[in-house]
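In case you want the letters, here they are:
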Amino acid sequence: NLGLSRVILMGTLAETLPDGVWLEQIILEEADLTLIGFAPSAAEVTRLLSGMPALTDIEFGSPVTRDNTQNLERFRINATLTGAL
């Protein structure tokens, strides 16, 4: 069930990513996942996501930029959902 898989994915992301990470958008089209948000370290976000068996092909979808007003990095991360939730 795709709806249930999405709920499980959201829960797994919430458990995996630390409190300092703020996801502005989560886009899931078929097996393509895009995460857009802010974090103290975008590289740390990709490292944490790489530990999730449900995700492969994790890469930045655009250059990481620094938001000096919030002292956070803005990121766009693309990944492929394997279905292994």
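Reference entry: report on the structure contained in this document. (Residues numbered from 1 in each chain as written. Predicted model: local features only at pLDDT ≥ 70, side-chain atom pairs only at ≥ 80, totals over all residues. Heavy atoms only, no water.)

## Thoughts on the pairing of strand β2 (residues 32–39)
Link 1 in the chain: Counting buried residues in β2 gives seven out of eight residues, a clear majority hidden from the surface.
Link 2 in the chain: Pairing of strand β1 (residues 22–29) with β2, which is carried by seven bridges, proceeds in the antiparallel orientation. Looking at the pairing, Trp 22 lines up with Phe 38 of β2.
Link 3 in the chain: The turn linking β1 back onto β2 is made up of two residues, and Glu 30 within it adopts a positive phi angle of 55 degrees. (Buried < 20%, exposed > 50% of the residue type's maximum accessible area, 1.4 Å probe, protein only. Helix = DSSP H or I, 4+ residues; strand = E, 2+ residues; numbered from the N terminus. Pairing = 2+ DSSP bridges.)

## Remarks on the pattern of salt bridges
Link 1 in the chain: Applying the stated criterion to the full structure yields three salt bridges.
Link 2 in the chain: Arg 66 serves as the salt-bridge partner of Glu 73, at 3.8 Å between the closest nitrogen and oxygen.
Link 3 in the chain: The exposure class assigned to Arg 66 is partly exposed, which follows from its relative accessible area of 41%. (Salt bridge = Lys/Arg side-chain N within 4 Å of Asp/Glu carboxyl O.)

## Some points on the side chain of Thr 34
Link 1 in the chain: Positionally, Thr 34 belongs in strand β2.
Link 2 in the chain: A residue is classified by how much of its surface remains accessible, and Thr 34, at 11% relative accessible area, is buried.
Link 3 in the chain: Of the polar contacts made by the side chain of Thr 34, one reaches the side chain of Asn 78; its length is 3.2 Å. (Polar contact = N/O pair within 3.5 Å; in protein donor to acceptor, adjacent residues only side chain to side chain.)

## Points about the nonpolar core
Link 1 in the chain: Ranked by internal contacts, the top residues of the largest apolar core, which has 19 residues, are Leu 9, Leu 13, Leu 17, Val 45, Leu 49, Leu 55 and Phe 75.
Link 2 in the chain: For this core, the secondary structure elements donating two or more residues are α1 (2–16), β2, α2 (42–50) and β5 (72–81).
Link 3 in the chain: In contact with Phe 75, other than residues within four places in its own chain, are Val 21, Leu 23, Leu 35, Ile 36, Gly 37, Phe 38, Ala 39, Ala 42, Val 45 and Phe 60. (Core = buried A, V, L, I, M, F, W, Y, C linked by side-chain atoms within 4.5 Å. Contact = heavy atoms within 4.5 Å.)

## Some points on the packing of aromatic side chains
Link 1 in the chain: Under the definition given, this model contains one aromatic pair.
Link 2 in the chain: For the pair Trp 22 and Phe 38, a centre-to-centre distance of 4.8 Å together with 15 degrees between the ring planes defines the contact as stacked. You can see Trp 22 sitting in strand β1 and its partner Phe 38 sitting in strand β2, a full 16 residues away along the chain. (Phe/Tyr/Trp six-rings, centres within 6.5 Å; stacked < 30°, edge-to-face > 60°.)

## Considering the environment of Met 10
Link 1 in the chain: In this structure, Met 10 sits in helix α1.
Link 2 in the chain: For Met 10 and Thr 82, which are 72 residues apart along the polypeptide, the C-alpha to C-alpha distance reads 15 Å.

## Description of the environment of Leu 9
Link 1 in the chain: Within the secondary structure, Leu 9 is located in helix α1.
Link 2 in the chain: As a C-alpha pair, Leu 9 and Leu 55 span 46 residues in sequence and 9.9 Å in three-dimensional space.

## Side note on unusual backbone geometry
Link 1 in the chain: The residue Glu 30 is not glycine, and still its phi comes out positive at about 55 degrees.
Link 2 in the chain: Mapped onto the elements, Glu 30 comes out in the loop between β1 and β2.
Link 3 in the chain: For Asp 57, which is not glycine, the phi torsion reads 50 degrees and is therefore positive.
Link 4 in the chain: Note that Asp 57 resides in strand β3 (residues 55–60).

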